[in-house]
Every structure is written in C-alpha cells, then in structure tokens.
Number of protein chains: 2
Amino acid sequence: MSDNIQNTYKNRQNHLIKAIQKSGLDGVVVNPSPSLIYLTGLHFHLMERPVLALFTPSMPPVIVMPELEKRKTEGLSYPIQVFAYTEDPQSWAGVFTSAFNQGSPLAHIGIEPLHLRYLEYNFLKTALPQTSIAAAEDIFSGLRICKDEQEVMAMRSAVAVAEKAIRATLPSIKPGVSEIDLASELTIQLLRCGSQSELAFEPIVASGPNSANPHATPTQRKLSHGDLLVIDWGARIDGYISDLTRTFAIGSVDPELARIAKIVKEANAAGRETASPDISAGAIDHATRNVIATAGYGEFFTHRTGHGIGLEAHEEPYIRGNNSLILKPGMTFTVEPGIYLPGRGGVRIEDNVLITLEGADCYSTLDRDLVVLG
Amino acid sequence: MSDNIQNTYKNRQNHLIKAIQKSGLDGVVVNPSPSLIYLTGLHFHLMERPVLALFTPSMPPVIVMPELEKRKTEGLSYPIQVFAYTEDPQSWAGVFTSAFNQGSPLAHIGIEPLHLRYLEYNFLKTALPQTSIAAAEDIFSGLRICKDEQEVMAMRSAVAVAEKAIRATLPSIKPGVSEIDLASELTIQLLRCGSQSELAFEPIVASGPNSANPHATPTQRKLSHGDLLVIDWGARIDGYISDLTRTFAIGSVDPELARIAKIVKEANAAGRETASPDISAGAIDHATRNVIATAGYGEFFTHRTGHGIGLEAHEEPYIRGNNSLILKPGMTFTVEPGIYLPGRGGVRIEDNVLITLEGADCYSTLDRDLVVLG
C-alpha cells in the first residue's frame, strides 16, 4: 500500500511526460497548484516567494524554491533537482536562469493559465527569453479528469463528512440566526467531523432575497420566517473536496417558492439520471435545463449545471450546454440546477456524481425535498 | 459613520488615480485580490471565470465579470461600468475587448504580479494588443502600506480574537494529540471567538523535529514529552488579519532547546524595541539577527525577521536585512525571529507591530516565555 502511494507520483510524472511528448511541447512548468500536489505531493503556499517546477522528457523534474522550505523535498520517492534561493529577492532571477537552462534547450513550454501568476511568468520569461510559453490546461486536465480508486475513496469520505456536518448544524438553523454565524457553525462542524482545515471553499449561507444570488457571501442578515435558505458547502479529505447544496424553508414559504423547490428537485434528478459514460457533458446540462424551461422558469436558471470536482472545487469537466466533451468512467462533477427569483429567493440542489462503467454513482444521499426548519 | 465607509472606496480610488498619473501609466488593471477589495469592496472567488477591473484617470472604473455575479455591483456608493458575460467562454474575449477599448487609448497599464494570472493576462493582451503591461506592485503597496484608524482597529480585533482562541486551545495541548487535531481545534476556537471563516492562513502546528521547519504543515505526528511545539496562527476581522507565533514545551525539554527559546525571546524584544518611524525596515532585521548571531545561532535563523500584514498575510513592508524602505506611522508588520535546529526542534516568537508617531505599538500581549504544557 505504502509502495503504491510512493509509486503514484512517479507514475503520474510518467503520464505527464507522455502527454508532453504527444503535445509537441518540450516541457511544462507548474507553480504551487493542485497539479503540483498531484504530480509531486509537494504543498507550497502561493506567496511572494515564487516556486516553479519544470517537467521535461530529458531529465528528472527541476524545482526552484526558497531555501527555507527545502526540507519539504527530503525523503521523496522520486528523483528531483532542487534549486533553492535565499531571502534576497535580487538573487532569485539568477537561480531560475541556472535551473531552467541545464538540460536540452526548451523551445516551447506549457503552463497552467488558471494558476501561473505574472510573478512566475516573468521569472520564466527572464530565465528562458527564447522560449514560447503557452496555455496547456488540457495536458493537466487530461491527467487529472478521470479519478482512480483512491481519489474516489477520498471524495466519498469528503461527501460523508459534509453530510455529517450539515446534520450537526441543523439544530442551529432557526429565525434570528445570522448567515455569518450559521456559516461559522457549519465550518466548525466540518472540522469536528474530520474535514481538513483548508476547506474546499467558504460555505455559502444565503437567506431570503440573498438566496436569489447564486454566489452570495454570508452577511449579517438574520433568518426569518418565510425565507428560503440556500446552503452550499463542502469538506476536504486527503486533498479532495466535496461540494453540496441544499435549500431549506424557514417556516412556511410563499407557494411559488415551494413550487420552484419541486422543479429544481426534478431538474437535479433528471441531471443525475442522464449522467452516464459516452454521452456529452452538454447532455446533462440540457436535461436539467429542459425540466426548468418546461416549467416556465428557464430565464431564472442563470448558470451552467455543474463543474468537475477533485483536488479543485472547480475543474474539468464543466457541465454546460455547448460542452461536447464525452464523459468517461472516473469523471466526477456536480449536478446543481437552480432557480433564482430576484428580490424573493432562490433554490439550488447540488449533488456529486461519478461516471461509472455502467452509468453514474451519486455520492450524496441527503434528502432533496424542501425541508422546513425553525 | 456609514457615510465615511461609503466615501472610503471613492477616496481610495481617487488616491489610486493620482498614483497612476504620477507613475506615467495610463491605468491599472486588477483581478480579484485584496487590492480589488480595498478599492471597491467587491469580493470575487479566484476561479475559472475571469474578473478584471480597469482604473484610469479618464472615466469611472470598468469591471468585466460573470453575468451571474452582477448583483454584487448593485447599490455601490461610487459609479462603475459593468460589462457582464454569459456562461459561454467563447464570448468572453469579445466582452473584454469592448470593455477596455471605450475610453482614451491605453499605451501603458500596470498590474499586480502576485495576483494577476496568465488567464487574465491573456484576455488583457487580446483586448489591448498594442498596450504594454508592466508590474506595478509599488502603486498598490503605496496605497495600502499605511493603515488608517479603521484598519488598525480591525487588526487589533484580529489579534484579540487570535489570543482568545489560543487560550481556549491550551487545555487540548498535551502528549498524544496529533498536530492535525490540534490545528483543527485551534481553527474551531478561532471561529468560535469571532474570526471570519476565511482565515488569514491555515495554522502551523509543528512539534518535535517538525518545529525545526519554519513552514511546516500539520502532520499526524503526536505531541510527546520533550517536544518543542511551534504554533503560528491568526484570525481575520473585517478582512484584516493577525499573525502570531508562540512556542511551547511539552514537559521538560533539552537545556539547549530551552536556551534557544530565551535567545529568541530576546531577539523578538530587540526587534520590537527597534521599531520606530524613520528607521529602515532592514534595521529591525539587523536588531533581531544581531541577538541571535551574538548568541552563536546566526546560521539557524534562516528567514527574514518579518513581513507586513493587512488585508494580506504577507505584504509590504518586508522586514529583511537589505530593505532600505523607511518605516512610517501606520505601517504594520510582524516581528518573528526564530532558531531552528534541524532534526531537533525550533523556536519562533511572532508579534504584530504598528509604527506610531512616537515609536511602535505591539498589538499582542501574550506571554513570550517558553510555557511548559502537558
């Protein structure tokens, strides 16, 4: 088992090298990001001290990093060339230049556009002035999009922890409690139930009119009778996240709000039932959207149906209308249709789904009815 | 009071415009970052949907953002031009191009190298192919480096919350508890004591030999008699952070470990006492380093003495040897000398300091002796 884990990084690096060779690039450069963790197991904060790892077919990976974090590279199960720099920023460019110019010349390298910052990009350009640098997100998503058994196990645990945490939070959901206090209580329960403290994301707790904002941030607003309450939360286990949403009613709500809750529940079910290998990501979006449009609320479902999850809270595959990407076993993503009535309230129901050989498996089992609390 | 807060953003934008004009740039572009929050009060997740705000002297700020977050820009106290895009990524480049080409032509714009990603950089290059883009971190740090009264108040609260949280965690510090469990308990106490749930950073809880790693991540290692235990933690209030470190002994420790704890305490005091307006940031680093070097442990103090704090956990001013930046009232930073004996253990003592008109004010009052627990 321990051997397996040790070989995991070497195997992933080998897959990366094959993908680099296939792409026509000479190498890829990664800064602290989920892909760096996936490939090396190395965690770094994204800070003012730049860290870059270079992967090429011709030599072991090269990493440029602060001297004071060098111990992180001791006892790794794979070879790596460490170039450490001191606390003097004036010296950093020289270290990058030495590190990146010792193998065969690099004409084309790929980077992760969602992670590489201008800071690292600039050191890279200075170290390799003749090299063309291009977005290569497909190489990384290609490696990471289909989860292996161990990754699936972690994600199942992350869903179980999230479900346990929301159950422990239910008694706190009542009129008079603020969104911020509820978000804090839910976070506490996530940690108590075993989530890593670097959560997937801060919980969304959005009540009343705020629930009509899909990306609301918790406010001082207090829950009150007649509110819809959208809670969007997740845990992290072994680096892997869960991402669930349920909507609650605080006392009895307006009949139209209860009706949209039923429609969203049907849309969520349609999405989960459509999920299967060899269909397109877009087909799931069509399935959920069709239910909501048929019920007359199409214009109030303002976002895509879902997104991939894994080491990141948003990754490939994106479940949106025009995405022709074909789903394959091991892909994991959210199904999260919603209806948002501006100024009144919104409903979203989100589950985490795994494509299997035969169809799909939903990690979450929580009730999807509009549960009345308070 | 509410008027003051409303005017805050407009005033900060005016200061930014003056700084832009002084710099010779035509504008600056900001993606979701503490500077965007500082200038606009707008919070966005850093995700696959790019968000960029353009500030120029010739017109109100322009923001490009997802349609589904548009409600965040309602009811703002200052004018802003919102360009929203749909869920179809194919359409995004066109929206950026329209948004950034409506005022006077932009020959030179500045960006934040620690925050702007290749993703946004690429949209910017596509929208403004003739424009030169340059790192302009000095403009932003110039705006933010001296804190006003309201910011100082938030930071004082963030220190008070952090101190309350560590006191509540002390009973859990005993042999047999793992670093991870202790980090989780401390995080829970931070939230219970009133920290925002987006913490400053994940607590460092490093015991025994792990404490010799200044940037350790909590592990499954269990505390044991004879350990040094370094805890580095902080809270966040109104967006502003605190960042403290204390070192504890689990039972009685090796006399040399107790000795380095005394030396670090002296170094910390020397740093805090040196802090005053009109001296250089480097002078504080010299003061702490001198104590440690004189005691014979110079080579084991492997990092700079500190860093600025505010909306970010690491920002200007950096307290390092060759930094000639002159300290001014309102600047806030950490003083955090340490001694790390590889394989044996380390000590760090970190406080948060504000430069005042007369000298300096330390926000934290926690005991700096090596407290023996367990």
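On a predicted model such as this, the values are computed, not experimentally measured, just so you know. (Residues numbered from 1 in each chain as written. Chains lettered and ligands numbered in written order. Predicted model: local features only at pLDDT ≥ 70, side-chain atom pairs only at ≥ 80, totals over all residues. Heavy atoms only, no water.)

## Re the overall build of chain A
Phase 1: Counting its secondary structure elements, chain A contains nine helices and 19 strands.
Phase 2: For a compact globule of 374 residues, the expected C-alpha radius of gyration is about 21 Å, and chain A comes in at 23 Å, within 12% of that figure.
Phase 3: Dimensions of chain A along its principal axes, counting C-alpha atoms only, are 70 × 45 × 40 Å.
Phase 4: For chain A, buried positions account for 58% of its 374 residues.
Phase 5: In chain A, the proportion of contacts linking residues at least 24 apart, taken out of those at least 6 apart, comes to 67%.
Phase 6: Accessible surface, chain A as shown: approximately 14,100 Å² in total, 52% of it carbon and sulfur. (Helix = DSSP H or I, 4+ residues; strand = E, 2+ residues; numbered from the N terminus. Rg over C-alpha atoms; globule rule 2.2 N^0.38 Å. Buried < 20%, exposed > 50% of the residue type's maximum accessible area, 1.4 Å probe, protein only. Contact = heavy atoms within 4.5 Å. Areas by Shrake-Rupley, 256 points an atom, 1.4 Å probe, with all protein chains shown as cover.)

## Structural notes on the interface of chain A and chain B
Phase 1: Across the contact, 44 residues belong to chain A and 44 residues belong to chain B.
Phase 2: Across the chain A to chain B interface the summed buried area is about 4,300 Å²; carbon plus sulfur atoms make up 54%.
Phase 3: Linking chain A with chain B are four salt bridges.
Phase 4: For Arg304 of chain B, the salt bridge goes to Glu48 of chain A, with nearest N and O atoms at 2.5 Å.
Phase 5: Linking chain A to chain B there are 24 residue pairs in polar contact (both at pLDDT 80 or more).
Phase 6: By residue number, the principal contributor to the side of chain A that touches chain B is helix H7 (residues 179–192) of chain A, which donates six residues.
Phase 7: Residue composition of the side of chain A that touches chain B, by class: 19 nonpolar, 11 polar and 14 charged. (Buried area = accessible area lost by both parts, 1.4 Å probe. Salt bridge = Lys/Arg side-chain N within 4 Å of Asp/Glu carboxyl O. Polar contact = N/O pair within 3.5 Å; in protein donor to acceptor, adjacent residues only side chain to side chain. Nonpolar A, V, L, I, M, F, W, Y, C, P; charged D, E, K, R; others polar.)

## Here's the deal with H7 of chain A
Phase 1: Helix length check: H7 of chain A (14 residues) gives 20 Å between terminal C-alpha atoms against 20 Å at 1.5 Å per residue, within 8%.
Phase 2: Within H7 of chain A, burial applies to Glu179, Leu182, Ala183, Ser184, Glu185, Leu186, Thr187, Ile188, Gln189, Leu190 and Leu191 of chain A.
Phase 3: Looking at the buried positions of H7 of chain A, the neighbouring elements they touch are helix H6 (149–169), strand S7 (204–207) and strand S8 (228–233) of chain A together with helix H7 (179–192) of chain B.
Phase 4: Of the residues trailing H7 of chain A, Gly194 of chain A is marked for its positive phi of about 115°. (Expected span 1.5 Å × (residues − 1).)

## Thoughts on unusual backbone geometry
Residue and element names in this part refer to chain A.
Phase 1: With an omega of 0°, the peptide bond running from Glu316 to Pro317 counts as cis.
Phase 2: In this fold, Pro317 is placed in strand S13 (residues 315–319).
Phase 3: One non-glycine residue with positive phi stands out, namely Asp278, at about 75°.
Phase 4: In this fold, Asp278 is placed in the loop between helix H8 (255–274) and helix H9 (281–294).

## Overview of the relation of the copies chain A and chain B
Phase 1: Mapping chain A onto chain B calls for a rotation angle of 180° and an axial translation of 0.0 Å; the resulting RMSD is 0.0 Å. Taken together, the rotation and translation describe the operation of a two-fold axis. In terms of proximity to the rotation axis, the leading residue of chain A is Arg117 of chain A, whose C-alpha is 2.1 Å off the axis.
Phase 2: The overlap is high: 100% of the interface residues of chain A also sit at the interface in chain B, so the same surface is used on both sides. (Least-squares fit on C-alpha atoms with pLDDT ≥ 70 in both.)

## A few points about the sheet that holds strand S19 (residues 371–373) of chain A
Residues and elements named next belong to chain A.
Phase 1: Spatially, the four strands line up as an open sheet ordered S7-S8-S11-S19, and their pairing is mixed. With partners counted over all chains shown, the strands left at the sheet margins are S7 and S19, one partner each. Direction aside, neighbouring strands of the sheet carry axes that sit 25° apart on average.
Phase 2: By the bridge criterion, three bridges tie strand S11 (residues 244–250) to S19 in an arrangement that is parallel. Directly across from Ile250, in S19, lies its bridge partner Leu373.
Phase 3: On the sheet, H6 packs against S8 and S11 and is oriented at approximately 15° with respect to S11. (Pairing = 2+ DSSP bridges. Axes fitted to C-alpha atoms, helices over the stretch in contact; angles between N-to-C directions.)

## Section: the domain arrangement of chain A
Residues and elements named next belong to chain A.
Phase 1: Along its sequence, chain A is carved into domain 1 (3–144) and domain 2 (149–373).
Phase 2: Taken over C-alpha atoms, the centre of domain 1 sits 34 Å from the centre of domain 2.
Phase 3: Domain 1 puts seven residues into the contact, and the matching count from domain 2 is seven residues.
Phase 4: Counting the surface lost from both domain 1 and domain 2, the interface buries some 650 Å², and carbon and sulfur atoms represent 46% of this.
Phase 5: Looking only at domain 1, the three residues that lose the most surface to domain 2 are Pro34, Tyr38 and Arg144, adding up to 50% of its buried area.
Phase 6: Our count for the contact surface shared by domain 1 and domain 2 stands at two salt bridges.
Phase 7: One salt bridge in this structure joins Arg144 and Glu312, with 2.9 Å as the shortest N-O distance.
Phase 8: Across the contact surface, domain 1 and domain 2 share three residue pairs in polar contact (both at pLDDT 80 or more).
Phase 9: Only helix H1 (2–23), helix H2 (34–40) and helix H5 (137–144) provide two or more residues apiece to the side of domain 1 that touches domain 2.
Phase 10: The residue makeup of the side of domain 1 that touches domain 2, split by class, is three nonpolar, two polar and two charged. (Domains from an automatic or database assignment.)

## A look at the pattern of salt bridges
Residue and element names in this part refer to chain A.
Phase 1: All chains considered together, the criterion is met by 42 salt bridges over all chains.
Phase 2: Between Asp227 and Arg221 there is a salt bridge, and its shortest N-O distance comes to 2.7 Å.
Phase 3: Overall, the relative accessible area of 25% leaves Arg221 in the partly exposed class.

## As for the packing of aromatic side chains
Phase 1: Under the criterion given, the structure shown has 19 aromatic pairs over all chains.
Phase 2: Summarising the aromatic geometry, the rings of Tyr85 of chain A and Trp92 of chain A are spaced 4.7 Å apart at their centres and angled 40° between planes, so their arrangement reads as tilted.
Phase 3: For Trp92 of chain A, a relative accessible area of 7% puts it in the buried group.
Phase 4: Centre to centre, the rings of Tyr118 of chain A and Tyr121 of chain B are 5.5 Å apart; their planes meet at 55°, and the pair counts as tilted. With Tyr118 of chain A in helix H4 (residues 118–127) and Tyr121 of chain B in helix H4 (residues 118–127), this pair bridges two chains. In terms of burial, Tyr118 of chain A and Tyr121 of chain B fall into one category: buried.
Phase 5: Here a set of aromatic residues connected by ring pairs shows up, and it is made of Tyr85, Trp92, Phe96, Phe100 and Phe123 of chain A.
Phase 6: A cation over an aromatic ring shows up here: Arg12 of chain A above the ring of Tyr38 of chain A, its NZ or CZ 3.9 Å from the ring centre. (Phe/Tyr/Trp six-rings, centres within 6.5 Å; stacked < 30°, edge-to-face > 60°. Lys NZ or Arg CZ within 6 Å of the ring centre and 35° of its normal.)

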